[in-house]
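The lines below spell out each chain.
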Amino acid sequence: MVDEKKEKEEPRLMTIPEIAEHRGLSRQRVHRIAKTDPAFPNPVVVPGTTRMKYPQDAIDEYFETRVLQPGRRTDIEKRRTGEGASGTEASGEE
């Protein structure tokens, strides 16, 4: 009965691949977020393993409150600046 209480008190710990699967993201994306966002939860040290593990409740809270900031579409800018730059597309030459 003591083991049941202990199990309920300890949060589930997740590795980066488990977080990726749980949130529907790639491993690489989760690594990038963990590395660049200071608000990402800190890992928990688990004796006997070298893998970083994160409490699931902290991860869920982080992703629920995270504000997404869309990136700039650089591929569109390149096309727009590249069009007509040589003058052949706009001049009607064949």
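Here the structure is a predicted model, which is why all the values come from computation and not from measurement.

> So what exactly am I meant to see when it comes to the packing of aromatic side chains here?
The geometry of two aromatic rings is summed up by the distance between their centres and the angle between their planes. Per the stated rule, a full pass over the model turns up four aromatic pairs. Plain terms: the ring middles of Phe40 and Phe63 are 6.5 Å apart, the flat faces sit at 85° to each other, and that makes the pair edge-to-face. Placement of the pair is Phe40 in the loop between helix H3 (27–36) and strand E2 (54–55) and Phe63 in helix H4 (residues 56–65), with a sequence separation of 23 residues. The same class applies to Phe40 as to Phe63, namely buried. Aromatic pair Tyr62 and Phe63: ring centres 5.0 Å apart, planes at 80°, arrangement edge-to-face. As far as burial versus exposure is concerned, Tyr62 and Phe63 are alike and both buried. Through pairs of rings, three or more aromatic residues link up here, namely Phe40, Tyr54, Tyr62 and Phe63.

> So what exactly am I meant to see when it comes to the nonpolar core here?
In globular proteins that are soluble, nonpolar side chains generally tend to be buried together. Judged by nonpolar contacts, Met14, Ile16, Ile19, Ala20, Val30, Ile33, Phe40, Tyr54, Ile59, Tyr62 and Phe63 together constitute the single largest core of 11 residues. When residues of this core are traced back to their parent elements, those giving at least two are helix H2 (16–23), H3 and H4.

> Looking at this structure, how should I read the packing of H2 against H4?
A pair of packed helices can be characterised by two numbers: the angle between their axes and the separation between those axes. Relative to each other, H2 and H4 sit at 45°, their axes nearing to 12 Å. When the interaxial angle is binned, H2 and H4 end up oblique. With respect to the hand of their crossing, H2 and H4 are arranged in right-handed fashion. Contact residues: Ile19, His22 and Arg23 in H2; Gln56, Ile59, Asp60 and Phe63 in H4. Of the residues that constitute the contact of H2 with H4, the class distribution is three nonpolar, two polar and two charged.

Definitions and cut-offs
Residues numbered from 1 in each chain as written. Predicted model: local features only at pLDDT ≥ 70, side-chain atom pairs only at ≥ 80, totals over all residues. Heavy atoms only, no water. Phe/Tyr/Trp six-rings, centres within 6.5 Å; stacked < 30°, edge-to-face > 60°. Helix = DSSP H or I, 4+ residues; strand = E, 2+ residues; numbered from the N terminus. Buried < 20%, exposed > 50% of the residue type's maximum accessible area, 1.4 Å probe, protein only. Core = buried A, V, L, I, M, F, W, Y, C linked by side-chain atoms within 4.5 Å. Axes fitted to C-alpha atoms, helices over the stretch in contact; angles between N-to-C directions. Parallel < 35°, antiparallel > 145°, perpendicular 65-115°, else oblique. Left-handed = near helix turned anticlockwise from the far one by under 90°. Contact = heavy atoms within 4.5 Å. Nonpolar A, V, L, I, M, F, W, Y, C, P; charged D, E, K, R; others polar.

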